[in-house]
Amino acid sequence: NHFDFDLSNGGCIGVDVGPQIIQSAKKKYPHVPFVVGDAWKMSDLIQMKDEMLRDQPATTAATAAKTYKRYGYDVVYVDVGGLSGSEGLLEALSLLGSITNSLSPRCIVIKSLCIRRLASSLVPFSQLWKERRKKEKEMEKEKKQ
């Protein structure tokens, strides 16, 4: 039984494709369930969630099931290792879309070099809009002169 903890206040599942990583995590955090799995296989993640709910005592399982049915996961943490460049960016964005559509998390926290590079190059729209408005006002003043 992977899921022998109380979900009445929430819960988590640790998933990684590497069995050695899972073994290490289980030793470091024995109170957290960890399973070998592939985040690209969304049906596996949904099945793990269902197993976690099924293994709970009836009252806790009912409460947790209502919560999950209503909200999905609270937070999904994703560590995208090994993806870089434009192909890695597209794969990471695809994975985020799949997680969003299948698990309905309230929040996704991603650790990804390619997403970090993208984020560091983005400019807030409000900043662009303010700069454009400033230029337009300057051009209007020049026309009036």
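Chemist: Could you give an account of the overall build of the protein chain, naming the residues involved and the relevant values?
Modeler: The helix and strand inventory of the protein chain stands at six helices and four strands. Counted from the first residue to the last, the protein chain has its helices and strands arranged as β-α-β-α-α-β-α-β-α-α. The burial tally for the protein chain puts 28% of its 145 residues in the buried class. A fraction of 60% describes how many contacts in the protein chain between residues 6 or more apart in sequence connect residues 24 or more apart.

Chemist: Before we move on, could you go through the pattern of salt bridges and cite the residues and values that matter?
Modeler: Scanning the entire structure with this criterion turns up two salt bridges. Of the charged contacts in the structure, one is a salt bridge between Glu 136 and Arg 132, with a shortest N-O distance of 3.3 Å. Taken as a pair, Glu 136 and Arg 132 lie in helix α6 (residues 125-144) at a separation of four residues, close to a single helical turn. By relative accessible area, which is 59% here, Arg 132 ends up exposed. Accessibility expressed as a relative area gives 28% for Glu 136, which makes it partly exposed. Because the salt bridges share partners, they merge into one network encompassing Arg 132, Arg 133 and Glu 136.

Chemist: Describe the nonpolar core, and please don't skip the residues or the numbers.
Modeler: Formed by Ile 13, Val 35, Met 42, Leu 45, Met 48, Val 76, Val 78, Val 80, Leu 95, Ile 99 and Leu 103, the largest nonpolar core amounts to 11 residues. Where this core is concerned, the elements lending two or more residues are α2 (42-54), β3 (75-79) and α4 (85-103).

Chemist: Please set out the environment of Ala 25 residue by residue, giving values where relevant.
Modeler: Turning to its location among the elements, Ala 25 is positioned in helix α1 (residues 19-28). Distance from Ala 25 to Gly 14, taken between C-alpha atoms, is 8.3 Å for residues 11 residues apart in sequence.

Chemist: Which residues make up the confidence of the model for the protein chain, and what values do they have?
Modeler: Segments scoring low in pLDDT should not have their predicted coordinates read at a detailed level. Averaged over all residues, the pLDDT of the protein chain equals 76, while 73% of them reach at least 70. Confidence, expressed as mean pLDDT per element, reaches its minimum in the protein chain at helix α3 (residues 58-71) with 53 and its maximum at α1 with 91. Contacts of residues 1-5 to residues separated by more than four positions or lying in other chains number 19 contacts, the stretch itself having pLDDT below 50.

Chemist: Can you tell me about the side chain of Ser 112, naming the residues and giving the values?
Modeler: For Ser 112, the location among the structural elements is in the loop between β4 (107-111) and α5 (113-121). Here Ser 112 falls in the buried class, since its relative accessible area comes to 8%. Among the polar contacts made by the side chain of Ser 112, one reaches the main-chain amide nitrogen of Ile 115 at a distance of 3.2 Å. Filtering out sequence-adjacent residues up to four positions away, Ser 112 remains in contact with Val 80 and Ala 92.

Chemist: I'd like a rundown of the pairing of β3, residues and numbers included.
Modeler: Side chains of β3 alternate between two faces, with Val 76 and Val 78 buried and Val 75, Tyr 77 and Asp 79 left unburied. Bridge analysis of β3 against β4 gives five bridges, and the strand direction is parallel. Pairing of Tyr 77 across the sheet is with Val 109, part of β4.

Calculation rules
- Residues numbered from 1 in each chain as written.
- Predicted model: local features only at pLDDT ≥ 70, side-chain atom pairs only at ≥ 80, totals over all residues.
- Heavy atoms only, no water.
- Helix = DSSP H or I, 4+ residues; strand = E, 2+ residues; numbered from the N terminus.
- Buried < 20%, exposed > 50% of the residue type's maximum accessible area, 1.4 Å probe, protein only.
- Contact = heavy atoms within 4.5 Å.
- Salt bridge = Lys/Arg side-chain N within 4 Å of Asp/Glu carboxyl O.
- Core = buried A, V, L, I, M, F, W, Y, C linked by side-chain atoms within 4.5 Å.
- pLDDT = per-residue confidence, 0-100.
- Polar contact = N/O pair within 3.5 Å; in protein donor to acceptor, adjacent residues only side chain to side chain.
- Pairing = 2+ DSSP bridges.

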